[in-house]
Amino acid sequence: MQAHSEELNYSRTSVYSLKYHLILVTKYRKDVLVGPIKQELEQLLISMTVGGKILEMEIMPDYVHMLVDASPKNSLSSMMKGYKGVSARMLFMHHPELKKQLWGGHLWQPSYFACTVSERSEELIKEYIRNQKTSKGK
């Protein structure tokens, strides 16, 4: 059990703390998440309610890092399906030029990275996500 109750989430049937470090990568590692596409993607992801709240996020030209506080009611795979599916559909609808850059009609790689984050490592993960731009030079 965690020491600080403000770090716990409460629902009618459970008390939980489920945090995930998630990484989504664009198809073919194409640098398409720039300018207005990046801005729209950020707003889309933040506004989505697919079973988690984004605590930290950094969008690079070819991938997205997120720290998500998740609910046990939704599986990780359904959460990722929501993030990837809705964002791709909306971005392709508002930016049809993306389909020309990403032949095959897919925005994201079919796979993704996910790992659990403990209360001890949460601040390290947040700092890592914040420093993506400076460490990658993009």
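Residues numbered from 1 in each chain as written. Predicted model: local features only at pLDDT ≥ 70, side-chain atom pairs only at ≥ 80, totals over all residues. Heavy atoms only, no water.

Enquirer: What is the right way to look at the pairing of strand 4 (residues 52-60) in this model?
Expert: Consecutive side chains along a regular strand alternate between the two faces of the sheet. Counting buried positions along strand 4 yields seven of nine residues, so the element is predominantly enclosed. Bridging between strand 4 and strand 5 (residues 63-70) involves eight bridges; their strand directions are antiparallel. Across the sheet, I59 pairs through a bridge with V64, a residue of strand 5. With antiparallel pairing between neighbouring strands as the criterion, strand 4 and strand 5 make up a hairpin whose turn holds two residues. (Buried < 20%, exposed > 50% of the residue type's maximum accessible area, 1.4 Å probe, protein only. Helix = DSSP H or I, 4+ residues; strand = E, 2+ residues; numbered from the N terminus. Pairing = 2+ DSSP bridges.)

Enquirer: Would you mind going over the packing of helix 1 (residues 35-47) against helix 2 (residues 76-94) with me for this structure?
Expert: Packed helices, taken two at a time, are described by the angle their axes make and the gap between the axes. In the contact formed by helix 1 and helix 2, the axes pass within 10 Å of each other and the chain directions differ by 140 degrees. In terms of axis orientation, helix 1 runs oblique to helix 2. In the crossing of helix 1 with helix 2, the sense of the turn from one axis to the other is right-handed. On the side of helix 1, the interface is formed by I37, E40, L41, L44 and L45, while helix 2 contributes Y83, S87, M90, L91 and H94. Across the contact of helix 1 with helix 2, the residue classes tally to seven nonpolar, two polar and one charged. (Axes fitted to C-alpha atoms, helices over the stretch in contact; angles between N-to-C directions. Parallel < 35°, antiparallel > 145°, perpendicular 65-115°, else oblique. Left-handed = near helix turned anticlockwise from the far one by under 90°. Contact = heavy atoms within 4.5 Å. Nonpolar A, V, L, I, M, F, W, Y, C, P; charged D, E, K, R; others polar.)

Enquirer: In this structure, what is going on with unusual backbone geometry? I would like to understand it.
Expert: Phi at Y28 is positive, roughly 60 degrees, even though this residue is not glycine. Looking at where Y28 falls in the secondary structure, it is placed in the loop between strand 3 (18-25) and helix 1. What makes Y28 partly exposed here is its relative accessible area of 36%. Despite not being glycine, R29 has its phi angle at roughly 55 degrees, a positive value. Position of R29 among the secondary structure elements: in the loop between strand 3 and helix 1. Taking the relative accessible area as the measure of exposure, R29 reaches 44% and is therefore partly exposed.

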